[in-house]
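# Secondary and tertiary structure notes
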Amino acid sequence: NQKAFIFDLDGVIVDTAKYHFLAWQRIANRLGIDFTHEHNEQLKGVSRVRSLDIILGLGNVEASQEDKDKWLAEKNEAYLQYIDRMEADEILEGVVPVLQYLKDNNQKVALGSASKNARPILEKVGILHYFDAIVDGNDVTNAKPDPEVFIRAAQLLGMPSEGAIVFEDSVAGIQAANLAKMVSIGIGDKSVLHEAQYNFNDFTEIDTKFLATLVTT
Ligand code: G6P
Ligand code: MG
């Protein structure tokens, strides 16, 4: 039996939320906007452009498109400096054994992320070779909860959408998986990700027995 396994990146494979936070904070501070870790939670799974709008909204700041474009570029430059220093030890615990199990058992593996920096991050932490397909922020027009990113990933794998398995840490991502009739697995707080079909705090809780059931059912 062969299934499509689709992984979100930020918050599922690596904890890049802290770098997104630091990069956004520079811009927010300069504009006098109070941007906290709690606010940052709202930006999980949200595109770069939409994230800026949310941050500007926090401070009731109105800006021209020109200014916004400038800040978006600045944010990404700062973010790139952080991810440039990433190494394999920043892969979240339990992720590599799951990827390895899927490879060893002839399963199809894809990335389905909103980030335009997905590829360099996978390269940096040394796990690009596990992925048969990558769909990221450069490839899709409709953001999660639209299922486009996951449907394209399944297509690239040559697998049906229905029954594909999605690992996600954002509410929008779980909704996207459900809309695509995929099996949604929430990674993180169960009370937040209650729409997911299965919930785990992290990948160390996912054992090979569970993975084997996903493959066979
Ligand atoms: C992921 C992260 C978001 C980020 C988005 C775009 O969904 O959870 O916090 O804003 O990707 O990332 P990018 O690297 O393209 O700015
Ligand atoms: Mg995520």
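In every chain, residue numbers begin from 1 and rise along the written sequence. Chains carry letters and ligands carry numbers; both start at the beginning, A for chains and 1 for ligands, and go up in the order they are written. Residue-level local features of this predicted model are given only where pLDDT is at least 70; pairs of side-chain atoms are given and counted only at 80 or more, and the full residue set underlies all totals for whole chains, interfaces and linings.

This part covers the overall build of the protein chain. Elements are defined by DSSP. Helices are runs of H or I of four residues or more, strands are runs of E of two residues or more, and each kind is numbered from the N terminus. Summing up its helical and strand segments, the protein chain has nine helices and six strands in all. Against the globule reference of 17 Å for 217 residues, the protein chain gives a C-alpha radius of gyration of 17 Å, in line with a compact fold. Seen through its C-alpha atoms, the protein chain measures out along the principal axes to roughly 55 × 35 × 30 Å. Put simply, the protein chain has 217 residues, and 36% of those count as buried. Expressed as a percentage of contacts within the protein chain between residues at least 6 apart in sequence, the contacts between residues at least 24 apart total 60%. For the radius of gyration, the atoms used are the C-alpha atoms, and the globule rule reads 2.2 Å times the number of residues raised to 0.38. Counting other C-beta atoms within 10 Å of a residue's C-beta gives its exposure: the residue is buried at 20 or more, exposed at 12 or fewer, and partly exposed in between, where C-beta atoms are placed from the backbone. For the purpose of contact definition, each residue receives a C-beta atom placed from its backbone, and two residues are in contact when these atoms lie within 7 Å.

Residue placement: Gly-126 occurs in the loop between helix 6 (118–124) and strand 3 (133–135). The exposure class assigned to Gly-126 is partly exposed, which follows from the 13 C-beta atoms found within 10 Å.

As a rule, any residue with its backbone-derived C-beta atom within 6 Å of a molecule or strand is reported as near that molecule or strand. Around ligand 1 lies a shell of 16 residues, among which Asp-10, Arg-48, Ala-114, Ser-115 and Lys-116 are the nearest. Basically, the charged four are Asp, Glu, Lys and Arg, the nonpolar ten are Ala, Val, Leu, Ile, Met, Phe, Trp, Tyr, Cys and Pro, and anything else, Gly included, counts as polar. Class assignment of the residues belonging to the shell around ligand 1 gives a composition of three nonpolar, nine polar and four charged.

So, about the UniProt feature "active site" (unreviewed entry) in the protein chain. UniProt positions are given in the numbering used here, feature names are shortened, and annotations may be inferred rather than shown by experiment. The positions that UniProt labels "active site" (unreviewed entry) are, in the present scheme, Asp-8 and Asp-10. Locating Asp-10 in the fold gives a position in the loop between strand 1 (4–7) and helix 1 (17–30). Residue classification places Asp-10 among the buried residues on the basis of 23 C-beta atoms within 10 Å. Excluding residues within four positions of it along the chain, Asp-10 makes contact with Thr-16, Ala-17, Ser-113 and Ser-115.

As a further point, take the sheet that holds strand 3. Think of it this way: DSSP has to see at least two bridges between two strands before they count as a pair. The sheet built from six strands is open, its strands ordered 3-2-1-4-5-6 with parallel pairing. Across the chains shown, the open sheet's two edge strands, defined by having one partner strand only, are strand 3 and strand 6 (198–200). Recorded for the sheet is a direction-independent mean angle of 20° between the axes of neighbouring strands. Bridging between strand 4 (residues 165–168) and strand 5 (residues 183–187) involves four bridges; their strand directions are parallel. Considered in strand 5, the bridge of Ile-165 is made with Val-183. A fitted line through C-alpha atoms serves as each axis, taken over the contacting stretch for helices, and the angle formed by two N-to-C directions is quoted from 0 to 180°.

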